[in-house]
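Chain residues, written in single-letter form:
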Amino acid sequence: MLVIILSGFIFAVFIPWLYRRFGARSGWLFALLPLGWLFYLAGQAPLVLGQGQAIEEHIPWVPSLGVELAFRLDGLGMLFALLVTGIGALVIIYGGGYLSGHPYQGRFFLLITLFMVAMLGVVLSDHLLLLFVFWELTSITSFLLIGFEHQRYGARAAAWQALLVTAGGGLALLAGLVLLSQVAGSGLISVINQNGAAIRSSSLYTAALLLILIGAFTKSAQFPFHFWLPNAMVAPTPVSAYLHSATMVKAGVFLLARLTPALAGTSLWQALVSSVGFMTLLVGALLALGQRDLKRLLAYTTVGALGTMTFLLGLGGDLAIKAAVVYILAHAFYKGALFLVAGAVDHSTGTRDIERLGNLASILPWVTLAALLAGISMAGLPPALGFLAKELFFESLMESTWPHYLSLGGAILAGAITFVVAALVAFKPFWGRTQDVPHPPHPVSVEFWLGPVILSGLGLVVGIMPALATPLIQGAVQSILQSSLKVKLALWHGITPVLGFSLLTLGLGGLGWAFYRRLWQGGEIWRKLAPWGPARLYEVGLNGLRRFAAWQTRVLQNGYLRFYVMTIVLTTVLLTGFTLLSRLAWLGVGGWGDIRFYEFVVVVLMIAAAVVIPRLRSRLATVATMGMIGYGLVLIYLIYSAPDLAMVQFAIETLTVILFVLAVYRLPKFTRLTPSPTRFLDLLVAIGGGMLMTALVLIVTARPLVPHISDYFAQNSLLLANGRNVVNVILVDFRGLDTLGEITVLALAGIGVYALVRLTLGRLMVYFEGLEEEEEAEHERAL
Amino acid sequence: MSLSDLMMVLPIAFTLVWALVLLLIDLWLPRERQGILALLTALGLAVALGLDLAQSGRSGSAFRDMVVLDNFAVFLNALYLISGLIALALGYDYLKRMEMERGEFYALLLFSIAGMMLLTQANHLILVFLALEFLSIPLYVLAGFARPRLESEEAALKYFLLGAFSSAFVLYGIALVFGATANASLTGVIEAVRSGSAEVGFLTAGAVMLLVGFGFKVAAVPFHEWAPDVYQGSPTPVTGFMAVATKAAGFAVLMRIFLNLFPGLATSLTPIFWGIAALTMIVGNLLALAQSNIKRLLAYSSIANAGYLLMAFVPYGNAQVAGQAISSMLFYLLAYGLTTFGAWAVVVALEQAEGRGLTLEDYAGLGPKYPWLGVTMLIFMLSLTGVPLTLGFWGKFFLFRTAVAAGYVDLAIIGLLTSVISAYYYLRIVVIMYMRAGEPRVRRDGWLNLVAIGTAAAVVLLSVVPVQMLELTARAVLHLP
C-alpha cells in the first residue's frame with residue numbers, strides 16, 4: 001500500500017508537465033492512475049473480503065517513538081478505498097470536460113490527485129499519527145480546491161472557513177489521538193482496537209473521546225459545525241461531488257467506524273454520537289427547505305445523510321452498523337452522481353436555480369437517465385440501493401433504545417424532505433416547461449455523463465442484486481464490529497412495520513412534492529433565523545478574536561518604553577515578591593543600629609527630593625533634584641567612612657547632572673503630565689519596585705558574607721610581592737592583568753574619541769550652523 | 001592557562017581574533033569593495049564551524065572550571081555559526097541596496113556570535129553575565145544599523161535600554177545566588193546546593209531574577225514587549241539573526257543554569273514557568289492575529305514559539321523527562337531556526353527601501369508570479385503552523401509529547417488551541433500569496449534564493465528522517481559538573 005501512496009505522490013509531480021503536454025484531454029490519462037489502484041485493490045478482495053484477512057505493511061519510521069508507516073487493508077478500508085479510487089477516476093474524467101478551457105485546469109488535476117492520495121492514506125493507515133498526517137493533508141487540499149475560483153471573495157471566505165473549522169478540529173483530533181495512544185500504549189490502530197475494554201475504563205477516556213469526536217464532527221460537518229459544507233459549494237462541481245459528498249466529509253464517519261471497537265459501547269459514546277447525528281440529520285433536512293440552488297440543496301441533504309451515518313454509528317449494534325455501511329455505499333453512489341448531474345446542468349444552461357430550469361431531457365438524454373436513476377435511490381424508492389438503506393435505517397431505529405416516536409418521527413420527516421429534494425434535483429430540471437436560462441442549453445460531451453451514469457447505474461444494480469455488494473458490506477461490517485457476522489441483504493423484507501414507515505415517508509414526500517412551493521416559502525424563515533445560527537457564532541467568534549487581538553495590541557504593545565519597563569518591573573515584583581513572602585521566615589533582619597542625626601537629615605532630604613520629582617514641570621529642575629538624591633548617597637557613604645565609594649559616586653553624579661543638563665536644556669517643559677489615575681498606578685508600581693529592592697538589600701546585608709579578601713592582600717603583599725603599599729601591590733601585581741585590561745580599554749576609548757572628534761568636527765560645525773539658521777528663520781516667522 | 005584550556009574555547013577564540021582582523025582589514029578596504037569582507041566573514045564562520053564540529057564528542061572544563069565543553073555546547077555553537085552564515089547571505093545584497101554597507105557589520109556579527117558561544121559554554125555566573133553583555137552590545141548596535149532611519153534608531157535605543165534593564169536583573173540574580181551559596185561558579189553552587197548549605201529562600205529569589213533576565217532574551221511574555229518594535233526597526237537580516245540565534249542563546253543559558261543549579265527548586269519555580277509558558281503562547285499568538293506588517297507578525301510568531309519551547313521546559317525538575325525536554329527543545333530550535341530564516345529570506349526579497357514592501361498586502365500574487373519563492377514561503381508557513389511533512393510538525397510533536405509525558409496535559413492543550421489560532425495568521429499569508437491578485441516586486445538575488453530554497457528543502461527533507469535528527473539532539477547532552 002505504500003506503493004500506492006508513493007506512486008500517487010510521484011505521479012502528482014509529473015501532472016503539471018503531462019497536462020502541458022496533453023491539454024484538456026489529459027483527464028482520461030490521469031484517470032488511469034486511480035483505475036490502476038482500483039484494479040490492484042480489487043485483486044486483493046478475495047483475500048481481504050473472502051477470507052477476512054487484513055493485509056498489513058509495516059515500515060519503521062520513528063522507531064524510538066513506535067511510529068511506523070503502518071498500513072492495513074481490511075474490510076472497512078477496502079470499502080472506502082474502492083469508493084475513493086473508483087469515484088476518483090470518474091471525477092477526474094469529468095473534470096477534464098467540466099473545466100475544459102479553465103486557466104487552472106492543470107492545478108485541478110494536481111490537487112485532486114493529491115487529495116486522492118491523502119484520502120487513501122486516511123483509510124489505509126494503521127497508525128494514528130499517520131492517519132492524522134493524511135487527515136490534515138485532506139483538509140489542506142480541500143481548502144485549496146474550495147478556493148479554486150480564488151478571484152471571487154466568496155470562494156476565499158468559504159475556503160478559509162472550511163479550513164479553520166476542519167483543521168482546527170483536526171488539531172483537537174491530534175490531542176485526542178495522542179491521549180488515546182498514551183492510554184493504549186501503542187499508536188497502532190489494530191492494537192488499540194483490541195484493547196477496547198482497557199481504554200474505555202481509563203480515566204483519560206472521556207477527554208480522548210471528546211477530542212476525537214470534535215475532530216470527526218468538524219470533518220463530517222456535524223451539527224453545530226455543519227455550516228462550512230454548504231458554503232464550500234463554491235468549489236467547482238467535480239470537487240463538491242468528490243470531496244464534499246462522496247469521500248472527504250465521510251472521513252469523520254470513517255474515523256468513528258474505525259475506532260468503534262476501541263471507543264464505542266459506553267453510554268457517553270452512545271449519547272453523544274447518536275444525539276449529534278440525530279440533530280444533524282434533522283438540521284440538514286430542515287435547512288434544505290427554501291434552497292433553490294441545485295448544489296446547496298444537495299449539500300444540505302449531504303449534511304443530513306452524514307448525520308444519519310453518525311446516528312447509526314452512535315446507536316451501535318449489528319443492525320445499526322450494517323445499516324450505516326449500506327447507507328455509506330448508497331449515498332456515495334447517488335449523491336456523487338447527482339452532484340455531477342448538477343454540474344452538467346450548470347455547464348449546459350449557465351444556472352443552477354431550480355426555478356429557472358426545465359425540459360432538459362431532450363438536450364441532455366444521458367444526464368437525465370443518470371439523474372433519474374440516482375433520484376430513485378435518493379428518494380428511497382425501490383429497487384434502488386437507497387431504498388434498502390432506508391429500510392435498514394428504520395429497522396435499526398425500531399431496535400434502538402431511543403423513544404420510537406422521536407427517532408422514527410425525525411427519520412420519516414427527514415426522509416420525506418429528502419424525497420422532495422430528490423424530485424427537485426433529479427426530476428424537475430429535465431421535464432416540464434422550458435424556463436428562462438442564461439444561455440440556450442447545449443448538449444454535453446461524454447465526459448459529463450459517463451460518471452453519473454456509472455454511479456447511478458451501480459446504485460440500481462446493487463439494489464436489485466444486493467448479493468453483488470454483500471461481500472464488500474460484510475467485510476466492512478465485520479471489521480467495524482470485529483466479529484464474523486454474516487450479512488444478508490434483500491430488497492424485499494415482506495410486509496413489516498418497516499415497510500409501512502417507508503410507505504409513510506414516500507406518501508409524505510409525495511405530498512410535500514405536490515405543495516413544494518408553499519413548503520419552500522416556509523423555508524424562507526431560515527434566512528431570518530440565520531443571525532442566530534452556529535455560522536453566525538463562527539463569524540462573531542472570529543471577528544471577536546480579531547478585535548480582541550487588535551485591542552490587546554493597543555494596550556500591551558503601545559510602543560512606549562516606559563510602559564514596557566513598568567511591565568517588567570511589575571512582573572519582577574510580583575514573582576520575586578511572591579517568593580519572598582512565601583518564605584517570610586528568613587526575612588528576619590538584624591536589629592537596627594543607632595540612627596544618627598546626620599543620617600536622618602540626609603535621608604529625609606533624599607525622600608523629599610524623590611517626592612518632589614514627579615511633580616516638577618521643568619526638566620532642569622528634575623535633573624537637579626535627582627542630583628540631590630545622588631549627593632545624599634555620597635554623604636551617606638562618607639558618614640559610613642567609605643571615602644573611595646563616595647568619591648566615585650560624587651564624580652559620576654556630577655558627570656550625569658552635567659550631561660543631562662547639556663542634553664535637556666534645549667527641550668521644552670513637560671507640558672502633558674499623565675492623568676492622576678495613571679500616576680497613581682505608576683506610584684504603586686514604583687513603591688512595589690522600591691520595596692522589593694529595599695527588602696533584597698536588607699536581606700543580603702543581614703547575611704554574614706565570606707571572609708574579606710582584604711585580609712589576604714594585607715598579609716601577603718610584602719610576602720609575595722615585596723611591596724609595602726598594599727594598594728600599589730594590588731594594582732600592579734595581584735590584579736595586574738585587570739590593570740592592563742583597563743589601560744587597554746582607556747587607550748582604545750581614547751583612540752575612538754580622537755577618531756570621532758576628527759571625523760565629525762567638521763560635520764558638527766555645519767550641523768550647528770544649520771540649526772542656527774533654522775532658529776533664525778523660525779524667529780523671523782514668529783515675528 | 002594551558003594549550004588544552006585554549007582548545008576548549010578554540011571556536012570562540014578564533015571567531016574573536018577573526019573579528020579583530022576584519023576590523024583591521026576594513027581600515028584599508030575601499031568603500032566599494034566591502035563585499036570582500038562579507039566573504040572573509042563567511043570564511044571565518046565556516047572555519048569556526050569546522051573547529052566546533054571537530055570538538056563533538058569531547059567534554060571537559062577549562063580555565064579553572066570557568067568554561068565547559070559538552071555536546072550541548074557543540075550543537076548550539078554550530079547553530080549560532082550557521083545562523084551567522086545565513087544572516088550574511090541575507091545581508092549580502094540587502095546591505096548594499098539599503099545603503100548601509102559598513103565594515104563594522106561583519107565584526108559586530110562575529111562579536112555577537114562569540115558572545116553567544118561563550119554564554120553557552122560559561123560555567124561561572126560572572127562569565128554568564130559578561131557573555132550576555134558581550135552578545136547583546138553588538139546587537140544593540142546592529143539593531144540601529146539602518147541609521148538614519150528613525151525606526152531603526154528607536155529600535156536600537158529601546159533594545160539597549162530594556163536590555164540594560166534586564167541585565168540588571170541578571171546581575172541581581174547572580175548576587176542573590178552568590179549570597180545564598182557563597183559561590184558563583186556553577187560547580188560550586190551545585191556543591192553548595194547538594195551539601196545543603198545553600199539558603200533556599202535566597203536561591204529562589206535569585207533564580208526568579210535570573211528567569212526575568214533570561215526571559216527578556218528569549219522574549220517570553222511579559223518580557224516580550226521589546227521584540228516587535230525591535231524586530232520591525234532593525235535591518236531585516238539582523239532581525240532574522242536575532243529571532244533565531246539570540247533566542248537559541250537565551251534558551252541555552254536558561255537550560256544550562258536552571259537544569260544544573262535549580263532542579264531542587266522545581267516545586268516553587270514550576271508554577272512560574274507554567275504561567276510564563278501559557279501566557280507566552282496565548283499572548284504571542286493572539287497578538288500576531290492583528291498584525292498587518294510581516295516583520296511584526298513574524299516577531300509575534302517568534303514570541304509564540306518561545307512559548308512552545310518553554311512549555312517543554314516546565315517539567316525541567318523532573319529527572320525522567322529532563323533529557324527528553326532538552327533534546328526536544330534543541331530539535332525545535334533547529335526546526336524553528338531553519339523555518340524562520342527561510343521566511344525572513346522571503347521577507348528580505350520583498351522588502352523595498354524606506355520600509356516599503358513589508359505589509360501583508362505586498363504579498364498578493366506572489367505565489368503565481370514567483371512560483372519558487374511562493375512555494376518556499378508556503379512551506380515555511382506550513383512548518384510554522386506545524387503541519388505534517390514539515391520539520392515544524394515534528395518539532396511541535398516532540399514538545400507536546402514532552403509536556404504530556406510530564407503530565408502537563410493542560411499546557412499541551414493550551415499549546416494546541418493556540419496553534420489553531422496561529423494557523424489563522426500563517427495561512428492568511430498563504431491565502432494572500434495565492435488567492436489575491438497583485439504585482440509583488442521581488443529582488444532577485446542568488447544568495448537569497450539559495451537560503452530560501454535550501455532551508456525549504458531542509459524543512460521538508462529532514463522531516464522524513466525525524467528519528468535521526470532527534471537522535472542527534474539527544475546526543476547533545478548537558479555536561480553535568
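Bear in mind the structure is a predicted one, so any value in this text is a computation, not a measurement.

**Observations regarding the pattern of salt bridges**
Note on pairing: side chains with opposite charge can pair once their charged atoms come close.
All names here are of chain A.
Then step 1. For the structure shown, the criterion picks out 15 salt bridges over all chains.
Then step 2. Its salt-bridge partner being Arg596, residue Glu599 comes within 3.1 Å of it at the nearest N-O pair.
Then step 3. Looking at Glu599, the relative accessible area reads 10%, which means it is buried.
Then step 4. Salt bridges sharing common partners tie together Glu56, Arg72, Asp74 and Arg258.

**Remarks on the nonpolar core**
Then step 1. With 438 residues, the main nonpolar core has Phe258 and Phe262 of chain B as its most contacted residues.
Then step 2. Take this core: its biggest share by element is 22 residues, from helix α17 (residues 318–349) of chain A.
Then step 3. Residue contributions to this core reach at least three from each of two domains, namely domain 1 (277–523) and domain 2 (558–705) of chain A.
Then step 4. Setting aside chain neighbours within four positions, we find Phe262 of chain B in contact with Val177, Leu203, Ala207, Leu210, Ile257, Leu269 and Tyr316 of chain B.

**Quick look at helix α32 (residues 709–721) of chain A**
Residue and element names in this part refer to chain A.
Then step 1. Along α32, the sharpest change in direction is near 40 degrees and occurs at Gln715.
Then step 2. By the burial criterion, the buried members of α32 are Phe713, Asn716 and Ser717.
Then step 3. Buried residues belonging to α32 abut α33 (726–734).
Then step 4. Asn722 lies just past α32 and shows a positive phi near 55 degrees.

**Structural notes on the side chain of Gln478 of chain A**
Then step 1. By the element assignment, Gln478 of chain A lies in helix α22 (residues 470–481).
Then step 2. If sequence neighbours within four positions are ignored, Gln478 of chain A has contacts with Ser483, Ser484, Leu485 and Lys486 of chain A.

**Remarks on the interface of chain B and chain A**
Then step 1. Each partner contributes to the interface: chain B provides 65 residues, whereas chain A provides 60 residues.
Then step 2. Here chain B packs against chain A, burying approximately 5600 Å² in sum over the two surfaces, 80% of which is carbon and sulfur.
Then step 3. Counting every contact that joins chain B to chain A gives 2 residue pairs in polar contact (both at pLDDT 80 or more).
Then step 4. When residues of the side of chain B that touches chain A are traced back to their parent elements, those giving at least two are α7 (150–181), α9 (200–218), α10 (226–233), α12 (266–289), α13 (294–313), α17 (391–405), α18 (409–435) and α20 (466–475) of chain B.
Then step 5. Split by residue class, the side of chain B that touches chain A holds 48 nonpolar, 8 polar and 9 charged.

**Here we look at the UniProt feature "domain: NADH:quinone oxidoreductase/Mrp antiporter transmembrane" (unreviewed entry) in chain B**
Then step 1. Taking the numbering used here, the UniProt-annotated feature "domain: NADH:quinone oxidoreductase/Mrp antiporter transmembrane" (unreviewed entry) corresponds to residues 122–422 of chain B.
Then step 2. Regarding residues 122–422 of chain B, the helix share stands at 79% and the strand share at 0%, and the terminal C-alpha atoms are separated by 36 Å.

**Here's the deal with the packing of aromatic side chains**
Then step 1. Applying the stated criterion to the full structure yields 48 aromatic pairs over all chains.
Then step 2. Plain terms: the ring middles of Tyr140 of chain B and Tyr159 of chain B are 5.1 Å apart, the flat faces sit at 90 degrees to each other, and that makes the pair edge-to-face. In this pair, Tyr140 of chain B is assigned in helix α6 (residues 125–143) and Tyr159 of chain B in helix α7, connecting sequence segments 19 residues apart.
Then step 3. In this structure an aromatic cluster arises from ring pairing among Phe278, Phe311, Tyr327, Phe393, Phe394, Trp402 and Phe501 of chain A.
Then step 4. Against the face of Phe22 of chain A rests Arg21 of chain A, its NZ or CZ located 5.9 Å from the ring centre.
Then step 5. In this structure, Arg562 of chain A packs its charged tip against the face of Tyr560 of chain A, placed 4.4 Å from the ring centre.

**Describing the domain arrangement of chain A**
Then step 1. By domain assignment, chain A separates into domain 1 (277–523), domain 2 (558–705) and domain 3 (709–783).
Then step 2. Placing a centre on the C-alpha atoms of domain 1 of chain A and another on those of domain 3 of chain A gives a separation of 89 Å.

**Focus: the packing of helix α19 (residues 385–399) of chain A against helix α23 (residues 497–514) of chain A**
All names here are of chain A.
Then step 1. Relative to each other, α19 and α23 sit at 120 degrees, their axes nearing to 9 Å. Classed by the angle they form, the pair α19 and α23 counts as oblique. Like other packed secondary-structure pairs, α19 and α23 cross with a definite hand, here right-handed. Contact residues: α19 offers Phe387, Lys390, Glu391, Phe394, Glu395 and Met398, while α23 offers Pro497, Val498, Leu499, Phe501, Ser502 and Thr505.
Then step 2. Of the residues that constitute the contact of α19 with α23, the class distribution is 7 nonpolar, 2 polar and 3 charged.

**Describing the packing of helix α4 (residues 75–98) of chain A against α17 of chain A**
Geometry of a packed helix pair, given as the angle between the helix axes and the separation of the axes.
Residue and element names in this part refer to chain A.
Then step 1. In contact at an axis separation of 12 Å, α4 and α17 are set at 5 degrees when each is read in the N-to-C sense. Classified by the interaxial angle, the pair formed by α4 and α17 is roughly parallel. Of the residues in α17, those touching α4 at Leu79, Phe80, Leu83, Ile87, Tyr94, Gly97 and Tyr98 are Val325, Ile328, Leu329, Ala332, Phe333, Leu340, Gly343, Ala344, Asp346 and His347.
Then step 2. Across the contact of α4 with α17, the residue classes break down as 13 nonpolar, 3 polar and 1 charged.

**Quick word on helix α5 (residues 104–121) of chain B**
Then step 1. Over its 18 residues, α5 of chain B runs 26 Å from end to end, which matches the ideal 26 Å to within 8%, given 1.5 Å per residue.
Then step 2. Here α5 of chain B lies mainly inside the structure; 17 of its 18 residues are buried.

**Examining the confidence of the model for chain A**
Then step 1. Residues with a pLDDT of 70 or more make up 92% of chain A, whose mean pLDDT is 82.
Then step 2. Averaged pLDDT values over the elements of chain A bottom out at 69 in helix α34 (residues 736–782) of chain A and peak at 90 in helix α13 (residues 250–258) of chain A.

Cut-off values and rules
- Residues numbered from 1 in each chain as written.
- Chains lettered and ligands numbered in written order.
- Predicted model: local features only at pLDDT ≥ 70, side-chain atom pairs only at ≥ 80, totals over all residues.
- Heavy atoms only, no water.
- Salt bridge = Lys/Arg side-chain N within 4 Å of Asp/Glu carboxyl O.
- Buried < 20%, exposed > 50% of the residue type's maximum accessible area, 1.4 Å probe, protein only.
- Core = buried A, V, L, I, M, F, W, Y, C linked by side-chain atoms within 4.5 Å.
- Helix = DSSP H or I, 4+ residues; strand = E, 2+ residues; numbered from the N terminus.
- Domains from an automatic or database assignment.
- Contact = heavy atoms within 4.5 Å.
- Bend = angle between axes of the 7 residues up to and from the residue.
- Buried area = accessible area lost by both parts, 1.4 Å probe.
- Polar contact = N/O pair within 3.5 Å; in protein donor to acceptor, adjacent residues only side chain to side chain.
- Nonpolar A, V, L, I, M, F, W, Y, C, P; charged D, E, K, R; others polar.
- UniProt positions renumbered as here; feature names shortened; annotations may be inferred.
- Phe/Tyr/Trp six-rings, centres within 6.5 Å; stacked < 30°, edge-to-face > 60°.
- Lys NZ or Arg CZ within 6 Å of the ring centre and 35° of its normal.
- Axes fitted to C-alpha atoms, helices over the stretch in contact; angles between N-to-C directions.
- Parallel < 35°, antiparallel > 145°, perpendicular 65-115°, else oblique.
- Left-handed = near helix turned anticlockwise from the far one by under 90°.
- Expected span 1.5 Å × (residues − 1).
- pLDDT = per-residue confidence, 0-100.

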